[in-house]
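# An overview of the molecular structure
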Amino acid sequence: MSLRTFILGLFASFGLAWLVVVVVPFFKMRNLQPITLTKELDGASGIYFPKRAGRLVNGAKIYAENGCYLCHTQVVRPTYAGNDLYRANWGGLAKDPERGDTRRETNAYDFEGESFAFIGTTRMGPDLSNLGRRVEAAVAAQGSGDPAALLYAHLYNPRRVPELRKSTCPSFRYLFTRHQITGQASSEALPFGGTATTELVPGADAKALVSYLLSLKKDQAPPAALNFAPPAAKAAAR
């Protein structure tokens with residue numbers, strides 16, 4: 001075998017792998033086609049479109065600028081690739097008060113509306129695919145409180161809660177400002193860190209980031225076309 005043939009073969013081998021693993025999935029996932037729901041298989045009609053509510057654009061930008069994706073993923077792996085569905089509320093709530101068990105794995109449509117899919121690089125912290133749902137469930141379990149206030153407190157001091165004393169999450173206190181209290185105190189002020197005349201309030205970036213985090217509720221029931229582990233009854237119908 002000549003050197004020229006060897007080099008061409010090498011390029012062909014790696015080029016084919018790159019084409020199949022990178023290029024083809026890129027073009028298939030950048031323009032996802034709507035999925036039509038059917039009454040028979042999905043129990044609903046219309047078009048499947050994951051619902052998101054929050055400041056996705058600027059909130060995701062703050063998320064990226066502060067390196068949140070370095071320690072947190074947004075991917076709930078299927079059972080054959082990991083054990084994510086059995087981690088507490090990562091893939092959804094096991095006992096949602098209205099919908100029952102909403103746990104499921106991630107699909108490409110979960111990142112609709114975002115310019116970049118924050119699948120993450122490591123899991124030094126928990127997966128955030130359903131952080132918004134988890135925070136709301138935690139507040140509901142306490143009987144009172146505000147989900148946004150819970151996240152603001154965590155961003156300012158991640159180790160304030162006893163259960164998180166060993167957290168490696170850095171403090172994002174630079175996203176907050178100290179204001180002089182003039183008249184009535186701000187409803188968004190942190191419940192700690194203030195004085196008799198000052199209060200700590202979230203800045204615009206903190207508000208955008210928390211709005212984005214609370215929008216992370218990627219547990220909408222997928223259509224039959226995307227549900228690779230359907231219940232036995234539905235599997236038989238397919």
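For the structure itself, look to the data block above.
Residues numbered from 1 in each chain as written. Predicted model: local features only at pLDDT ≥ 70, side-chain atom pairs only at ≥ 80, totals over all residues. Heavy atoms only, no water.

Attention now moves to unusual backbone geometry. Non-glycine residue asparagine 89 carries a positive phi angle of around 65°. Mapped onto the secondary structure, asparagine 89 falls in the loop between helix H3 (56–65) and helix H4 (131–142). Residue asparagine 89 is classed as partly exposed on the basis of its relative accessible area of 28%. (Helix = DSSP H or I, 4+ residues; strand = E, 2+ residues; numbered from the N terminus. Buried < 20%, exposed > 50% of the residue type's maximum accessible area, 1.4 Å probe, protein only.)

Most of strand S4 (residues 198–202) sits inside the fold, with five of its five residues counted as buried. Of the two faces of S4, the one carrying Thr198, Leu200 and Pro202 and the one carrying Glu199 and Val201 are both buried. Where strand S3 (residues 176–180) lies against S4, five bridges are found, and the strand directions are antiparallel. Following the sheet pairing, glutamine 180 is matched in S4 by threonine 198. (Pairing = 2+ DSSP bridges.)

Each aromatic ring pair is characterised by the separation of its centres together with the angle its planes make. Applying the stated criterion across every chain, the model contains eight aromatic pairs. Plain terms: the ring middles of tyrosine 152 and phenylalanine 176 are 6.2 Å apart, the flat faces sit at 85° to each other, and that makes the pair edge-to-face. Placement of tyrosine 152 in helix H5 (residues 147–156) and of phenylalanine 176 in strand S3 is noted, with a sequence separation of 24 residues between them. In this structure, arginine 173 is placed above the aromatic ring of tyrosine 156, and the distance from its NZ or CZ to the ring centre is 4.7 Å. (Phe/Tyr/Trp six-rings, centres within 6.5 Å; stacked < 30°, edge-to-face > 60°. Lys NZ or Arg CZ within 6 Å of the ring centre and 35° of its normal.)

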